[in-house]
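# Report on the structure
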Amino acid sequence: MAKKVLVVDDEKLIVKGIRFSLEQDGMEVDCAYDGEEALEMAHNKQYDIILLDIMLPKLDGFQVCQQIREFSNVPIVMLTAKGDDMDKILGLEYGADDYITKPFNILEVKARIKAIMRRTSRKEMEKNPNVIVDGDVRLDCESRRLFIQGREIKLTAKEFDLMELMVKTPEKVYSRERLLNLVWGYEYPGDFRTVDVHVRRLREKVEANPSEPKYVHTKWGVGYYYHSDKQR
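- The chain carries the name Stage 0 sporulation protein A homolog in an unreviewed UniProt entry, which gives Eubacterium ramulus ATCC 29099 as its organism.
- Looking at the Function (unreviewed entry) heading of the UniProt record, one finds this comment for the chain: "May play the central regulatory role in sporulation. It may be an element of the effector pathway responsible for the activation of sporulation genes in response to nutritional stress. Spo0A may act in concert with spo0H (a sigma factor) to control the expression of some genes that are critical to the sporulation process."

### Topic: the packing of aromatic side chains
- Within the structure shown, the criterion is met by 0 aromatic pairs.
- Lys-12 extends its terminal NZ or CZ atom over the ring of Tyr-33, reaching a point 5.2 Å from the ring centre.

### Brief notes about the UniProt feature "modified residue: 4-aspartylphosphate" (unreviewed entry) in the chain
- Look at the UniProt record and you will see "modified residue: 4-aspartylphosphate" (unreviewed entry) annotated at Asp-53.
- As for its position among the elements, Asp-53 is in strand E3 (residues 49-53).
- On the basis of relative accessibility, which here comes to 3%, the residue Asp-53 falls in the buried class.
- Not counting the four nearest positions on each side in its chain, Asp-53 is found in contact with Val-8, Asp-9, Asp-10, Gly-61, Leu-79, Thr-80 and Lys-102.

### Structural notes on the sheet that holds strand E6 (residues 131-134)
- Judged by pairing direction, the sheet is antiparallel, and its 4 strands sit side by side in the order E6-E7-E8-E9 without closing on themselves. Two strands lie at the open edges of the sheet, namely E6 and strand E9 (151-153), each paired on one side alone. Mean inter-strand twist for the sheet, computed between neighbouring axes without regard to direction, equals 20°.
- Pairing geometry for strand E7 (residues 137-140) and strand E8 (residues 145-148), over 4 bridges, is antiparallel. Residue pairing for E8: Arg-138 is matched across the bridge by Phe-147.

### Brief notes about the packing of helix H2 (residues 35-44) against helix H3 (residues 61-68)
- H3 packs onto H2 with a crossing angle of 20° between their chain directions and a minimal axis gap of 9 Å. In terms of axis orientation, H2 runs roughly parallel to H3. The handedness of the crossing between H2 and H3 comes out as right-handed. Residue-level inspection shows Gly-35, Ala-38, Leu-39 and Ala-42 of H2 in contact with H3, the latter providing Val-64, Gln-67 and Ile-68.
- Partitioning the contact of H2 with H3 into residue classes produces 5 nonpolar, 2 polar and no charged.

Parameters at a glance
- By convention here, each chain's residues receive numbers from 1 onward along its written sequence.
- pLDDT decides what is reported in this predicted model: residues at 70 or higher carry local features, side-chain atom pairs at 80 or more are listed and counted, and totals for whole chains, interfaces and linings draw on all residues regardless.
- Excluded from the side-chain calculation are hydrogens and water; included are all heavy atoms of the structure.
- UniProt positions are given in the numbering used here, feature names are shortened, and annotations may be inferred rather than shown by experiment.
- Ring pairs are drawn from Phe, Tyr and Trp, using the six-membered ring of Trp, whenever the two centres fall within 6.5 Å, and their geometry is named by plane angle: stacked under 30 degrees, edge-to-face over 60, tilted for the rest.
- To sit over a ring, a charge needs its Lys NZ or Arg CZ within 6 Å of the ring centre and within 35 degrees of the ring normal.
- By definition, any uninterrupted DSSP run of H or I lasting at least four residues is a helix, any uninterrupted run of E lasting at least two residues is a strand, and each is numbered from the N terminus.
- Per-residue accessibility, obtained with a 1.4 Å probe over protein chains only, is compared with the maximum for each type, and a residue is labelled buried under 20%, exposed over 50%, and partly exposed between these values.
- Pairs of residues are marked as contacts when any of their non-hydrogen atoms sit within 4.5 Å.
- In this description, strands pair whenever DSSP reports at least two bridges between them.
- Here, axes are lines fitted to C-alpha atoms. For helices the fit covers the stretch in contact, and angles between N-to-C directions go from 0 to 180 degrees.
- For classification purposes, angles smaller than 35 degrees are called roughly parallel, those larger than 145 roughly antiparallel, those between 65 and 115 roughly perpendicular, and all remaining angles oblique.
- Crossings are assigned a handedness: left-handed for a near helix turned anticlockwise from the far helix by less than a right angle, right-handed for a clockwise turn.
- Gly counts as polar in this scheme, as do all residues outside two lists: the nonpolar Ala, Val, Leu, Ile, Met, Phe, Trp, Tyr, Cys and Pro, and the charged Asp, Glu, Lys and Arg.

Okay, structure coming up:
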């Protein structure tokens, strides 16, 4: 599903910029402008990560972080305009997972978010090995459902088998013969064109631009492979 982010800052231009940038990456972003509003939203909705400014009206970021920790383990990244190490130390002691000092580069913010989400995804996989999360790809092997940027992609049985095989072994190149044997079976009477047709249909469903694939790639003269988010 789409990652849900809560951005908390009383500077509306900063919030607007972060929100726009994260939404461009397919995330669902809510905003709060004071500590009380942030706490209420964190109570009422489950978020994947919270960006939390320290200097807030009503309740400061430390108070908000401390109270959120009483009911949730959601990852929290503190935003501070001060270079004072004490702010950073206090933020981590109150239960924050990371901190970023203002002024910041939005690319740094996004990189921190993705790093924390990757760690969270690994924990989710350890709890449920039937769910594979790789960036904006979520593959539920038990229910045989594929989600990309939170949107479910309807696949046929063989399309799912192809996707599952490649996602489980990212960067491994499979020849058409190997895919035919693994997905269709050694006794299947069809030829390699069956693989090509199914890969083309799979790309039409999962790629924003099938001619420039992001996920399912071709190694010319060799075969096909899945390109992991960790390598992008």
